[in-house]
Amino acid sequence: MHGKEIVKIFDLSIYLKKQQEIINSALDKWLPLPHGPSGPVVDAMRYSLMSGGKRIRPILLIAAAGATGGDQKALLPAACAFECIHTYSLIHDDLPAMDNDDLRRGRPTCHKVYGEAIAILAGDGLLTYAFELMCKPELTQNISPLLLKDAVFLLAKAAGVSGMVGGQTADILMEGQPVDAETLSFIHSHKTGSLIQTSVEIGGLLGKASDEELYHLKRYGESLGLAFQIKDDLLDVEGDQEILGKPVGSDNRNFKATYPALFGLKETKRRAQELLEKALSELECFDDRAEPLRSIARYIIKRDR
Ligand code: GRG
């Protein structure tokens with residue numbers, strides 16, 4: 001090649017902003033509008049959903065599909081389904097029966113605004129709406145029924161007792177008790193890791209990844225999911241409430257099992273870095289199209305919110 005080679009530098013902040021806009025406008029378009037006697041629950045669903053989350057799970061799904069050359073636009077309903085399930089988990093996690101938090105995403109929590117009953121129903125509504133999204137023609141007309149069935153199964157499993165609900169149960173039952181490293185890793189990889197890992201896996205699956213690509217994407221997602229929760233633990237100790245949009249120190253107050261509590265800050269940071277490197281190594285067989293996945297992994301360890 002003559003002359004200067006043009007090197008395209010991937011800018012994660014531009015990428016995230018663009019993807020967040022796409023996801024936010026799809027959620028806004030697809031979520032029902034509040035009207036009639038059930039209006040308040042839809043209002044509450046929209047209140048929590050449209051309140052500025054990072055949209056990491058849907059973005060991971062889209063980025064994983066992109067890494068294998070899949071049709072990213074066609075997967076938007078599946079990406080939005082992850083955000084609905086994630087937001088439901090936050091609403092329920094904030095309830096008085098669970099973490100009893102007043103602030104989420106910089107705003108009063110759902111139950112503070114709408115009351116407990118409506119907040120529970122808004123969570124239920126978002127969880128089930130996720131599966132309506134998985135049946136949207138925008139998705140079903142582009143993906144084979146067999147692949148879609150596998151994706152729905154993986155999503156249900158990641159959200160349910162084998163995944164997030166199972167992790168949350170262990171987390172709550174272990175409150176105030178000493179936990180060993182194995183139990184802590186179970187809690188973190190199920191409570192938070194399952195949904196993150198599965199967003200990457202479904203992106204690869206529906207993006208028509210090869211078996212080898214899918215294998216590495218799953219392992220990337222597994223390391224990333226655990227790293228994400230470890231970083232969340234660190235932010236609860238060292239983060240800034242203003243930037244986080246939620247109180248810091250709540251893990252300590254609620255006697256939660258965390259990495260800093262079990263291993264100390266230095267060792268926790270070392271483990272997070274190790275997981276980042278492991279996640280990146282799983283992407284070695286991918287070309288430049290995996291750059292968003294690589295940058296997101298680095299960002300997850302560095303993030304301040
Ligand atoms: C209630 C079944 C049920 C499960 C709750 C996810 C969860 C399980 C609880 C949330 C508690 C929590 C703060 C966990 C730490 C990891 C986590 C999920 C953080 C919030 O996710 P982000 O950082 O939030 O992606 P945004 O607001 O950006 O979407």
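This structure is a prediction, so every number in the text was calculated from the model and none was measured.

### Here's the deal with the packing of aromatic side chains
Okay, step 1: Applying the stated criterion across every chain, the model contains 3 aromatic pairs.
Okay, step 2: Each ring, one from Phe-10 and one from Tyr-15, has its centre 5.4 Å from the other, and the planes form 55°; the classification is tilted.
Okay, step 3: Assessed through its relative accessible area of 27%, Phe-10 is described here as partly exposed.
Okay, step 4: When its relative accessible area of 13% is taken as the criterion, Tyr-15 is described as buried.
Okay, step 5: A ring pair is formed by Tyr-47 and Tyr-114, whose centres lie 5.6 Å apart and whose planes are at 65°; its orientation type is edge-to-face. Of this pair, Tyr-47 sits in helix α2 (residues 39-49) while Tyr-114 sits in helix α5 (residues 110-114), and the two are 67 residues apart along the sequence.
Okay, step 6: By relative accessible area, which is 25% here, Tyr-114 ends up partly exposed.
Okay, step 7: Just above the ring of Phe-263 sits the side chain of Arg-271; from NZ or CZ to the centre is 3.8 Å.
Okay, step 8: Geometry around Phe-228 places Arg-303 over its ring, the cationic atom sitting 4.0 Å from the centre.

### A look at the site of the ligand
Okay, step 1: Around the ligand, the surrounding shell holds 20 residues, and the nearest of these are Lys-54, Arg-57, His-86, Arg-105 and Gln-229.
Okay, step 2: In the model, an oxygen atom of the ligand is placed 2.5 Å from a nitrogen or oxygen of the Lys-54 side chain.
Okay, step 3: A distance of 2.7 Å separates an oxygen atom of the ligand from a polar atom in the side chain of Arg-105.
Okay, step 4: In isolation the ligand exposes 690 Å². Once the protein is present, 93% of that is buried.
Okay, step 5: Looking at the shell around the ligand, the elements with two or more residues in it are α4 (76-94), α9 (164-173), α10 (181-206) and α11 (211-238).
Okay, step 6: In terms of residue count, the dominant contributor to the shell around the ligand is α4 (6 residues).
Okay, step 7: Taken together, the residues of the shell around the ligand sort by class into 5 nonpolar, 7 polar and 8 charged.

### A short note on empty space enclosed by the protein
Okay, step 1: One pass over the structure, following the stated rule, counts 2 cavities of 30 Å³ or more.
Okay, step 2: Here the largest cavity is characterised by a volume of approximately 100 Å³.
Okay, step 3: Residue lining of the largest cavity: 13 residues in total, with Ser-48, Ser-51, Arg-104, Arg-105 and Cys-110 positioned closest to the centre.
Okay, step 4: Those elements giving two or more residues to the lining of the largest cavity turn out to be α2, α4 and β2 (107-108).
Okay, step 5: Looking at which element gives the most residues to the lining of the largest cavity, the answer is α4, with 4 residues.
Okay, step 6: Classifying every residue of the lining of the largest cavity by side-chain character gives 5 nonpolar, 4 polar and 4 charged.
Okay, step 7: Within this model, the second largest cavity holds a volume of roughly 30 Å³.
Okay, step 8: Every residue lining the second largest cavity is listed: Asp-232, Leu-235, Asp-236, Leu-244, Lys-246, Pro-247 and Val-248.
Okay, step 9: No other element matches α11, which puts 3 residues into the lining of the second largest cavity.
Okay, step 10: Of the residues contributing to the lining of the second largest cavity, the split by class is 4 nonpolar, no polar and 3 charged.

Conventions and cut-offs
Residues numbered from 1 in each chain as written. Predicted model: local features only at pLDDT ≥ 70, side-chain atom pairs only at ≥ 80, totals over all residues. Heavy atoms only, no water. Phe/Tyr/Trp six-rings, centres within 6.5 Å; stacked < 30°, edge-to-face > 60°. Buried < 20%, exposed > 50% of the residue type's maximum accessible area, 1.4 Å probe, protein only. Helix = DSSP H or I, 4+ residues; strand = E, 2+ residues; numbered from the N terminus. Lys NZ or Arg CZ within 6 Å of the ring centre and 35° of its normal. Near = heavy atom within 4 Å. Polar contact = N/O pair within 3.5 Å; in protein donor to acceptor, adjacent residues only side chain to side chain. Areas by Shrake-Rupley, 256 points an atom, 1.4 Å probe, with all protein chains shown as cover. Nonpolar A, V, L, I, M, F, W, Y, C, P; charged D, E, K, R; others polar. 1 Å grid on protein atoms, 1.4 Å probe; cavity = no way out; pocket = protein on both sides within 12 Å on 5 of 7 lines; lining within 4 Å. Points joined across faces, edges and corners; volume = space filled by probe spheres on them.

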